[in-house]
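Residues per chain, in single letters:
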Amino acid sequence: MRTITGLVVAALLLVTACAPKNETALPSGPGLLNKSAAAMRAVKTVAFTIDAKDRPAVPVRHAEGSLTREGDAKGSLQIEIAGLQEFEFVLAGDTVHFKGPTGGFQTMTRQQLAAIYDPSAVLTGVPDLLSTAQDVRTESVEAVGGVNTYRIAATLSQQVLAKLVPGVQQAVKGTVWVDQATSRIVRMELPLSGGSVVVALDDYDAPVTITPPAS
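Quick caveat: nothing in here was measured; it's all calculated off a predicted structure. (Residues numbered from 1 in each chain as written. Predicted model: local features only at pLDDT ≥ 70, side-chain atom pairs only at ≥ 80, totals over all residues. Heavy atoms only, no water.)

1. A look at the nonpolar core
Inclusion rule: Grouping buried Ala, Val, Leu, Ile, Met, Phe, Trp, Tyr and Cys residues that are joined through side-chain atoms within 4.5 Å yields what is termed a nonpolar core. The rule is simple: take the accessible area with a 1.4 Å probe, protein chains only, and divide by the maximum for that residue type; under 20% is buried, over 50% is exposed, in between is partly exposed. Contacts between residues were defined by any pair of non-hydrogen atoms, one from each residue, lying within 4.5 Å.
Counting residues in each nonpolar core, the largest one holds 50 residues, and the members touching the most others are Leu33, Met40, Phe48, Ile50, Val122, Ile185 and Leu201. For valine 122, the residues in contact, after removing those within four places along its chain, are Val46, Phe48, Ile50, Leu67, Tyr117, Leu164 and Leu201.

2. Brief notes about the pairing of strand S4 (residues 84-92)
To be explicit about the condition: We call two strands paired when DSSP finds no fewer than two bridges between them. Each helix is a run of DSSP H or I of at least 4 residues and each strand a run of E of at least 2, with the numbering of both proceeding from the N terminus.
The pairing of strand S3 (residues 73-80) with S4 spans 8 bridges and is antiparallel. Of the residues in S4, the one forming a bridge with glutamate 80 is leucine 84. Counted between consecutive antiparallel strands, the loop separating S3 from S4 contains 3 residues, among which alanine 82 sits at a positive phi close to 55°. Sheet analysis places S4 next to strand S5 (residues 95-99), joined by 5 bridges and oriented antiparallel. Its bridge partner being in S5, phenylalanine 89 is matched across the sheet by phenylalanine 98. Between the end of S4 and the start of S5, which pair antiparallel, lie 2 residues, with glycine 93 showing a positive phi angle near 65°.

3. Some remarks on the packing of aromatic side chains
Aromatic ring pairs: the centre-centre distance and the angle between the two ring planes describe each pair. Applicable threshold: Working definition: rings of Phe, Tyr and Trp (its six-membered ring) pair if their centres are within 6.5 Å, and the pair is stacked with planes under 30 degrees apart, edge-to-face with planes over 60 apart, and tilted otherwise. To sit over a ring, a charge needs its Lys NZ or Arg CZ within 6 Å of the ring centre and within 35 degrees of the ring normal.
Scanning all chains against the criterion turns up 1 aromatic pair. Sitting over the ring of phenylalanine 105, lysine 99 keeps its end group 5.9 Å from the ring centre. Sitting above the plane of the tryptophan 177 ring, arginine 187 keeps its charged end 5.5 Å from the centroid.

4. Topic: the sheet that holds strand S10 (residues 185-192)
The test is simple: A fitted line through C-alpha atoms serves as each axis, taken over the contacting stretch for helices, and the angle formed by two N-to-C directions is quoted from 0 to 180°.
The strand order S6-S5-S4-S3-S2-S1-S11-S10-S9-S8-S7 describes an open sheet built from 11 strands, whose pairing is antiparallel. At either end of the open sheet lies a strand with only one pairing partner, and these are strand S6 (106-109) and strand S7 (134-144). Direction aside, the axes of adjacent strands within the sheet are offset by 20° on average. The pairing of strand S1 (residues 45-54) with strand S2 (residues 60-68) spans 7 bridges and is classified as antiparallel. Looking at S2, one finds that threonine 45 is bridged to threonine 68. This element, helix H2 (residues 29-41), spans S7, strand S8 (147-156), strand S9 (172-179), S10 and strand S11 (195-202) of the sheet and lies at about 75° to S7.

5. Things to note about the environment of alanine 121
Along the chain, alanine 121 falls in helix H4 (residues 121-124). With relative accessibility at 5%, the residue alanine 121 sits in the buried group. Along the sequence, alanine 121 and valine 165 sit 44 residues apart, while their C-alpha atoms lie 8.8 Å from each other. With residues up to four places along the chain from it excluded, the contact list for alanine 121 reads Val126, Lys163 and Leu164.

And the structure:
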């Protein structure tokens, strides 16, 4: 009897020792994204990169630049419309200054650019994208570019996501990496038909000057 009792006690001790400890539990995914949405609403400036991997069914192939909370931006854009088009842009107020690989700057209105691609959606759209996400689940802790992040899986709204990545036709089961220290977005990966789109954000609240080019 003593032998059996001893075996039972030993088994209980082993199970207790192997049980996961509370401190290793991952934070709630919905809570992390709600906190991140609030943090993103407070951002003043950000640098962004959007890259299409393989051939996803969206026109934007690459975009990068700097953006202010007011919606002014500067950078470059590659977009597939009747072939691959590439140009630099400076968006200041209601006017967009843009130029291709050759020639000087031309102008269009903000509304005309928004019909193709609206860079200001990187800031204005992300908080709504996070707060409307469904099926949110924290998957792991990962280091991304030297930043400690939470990796979060979520289903992202097509209606909101299409403002950030024009051409998205359906909700996307994507992955979001949130900075543990600041709750800001570090990276988003969006699997799409034919490929994926990766959005990277950094240089938060760094000084940014948007000046229209000299005519």
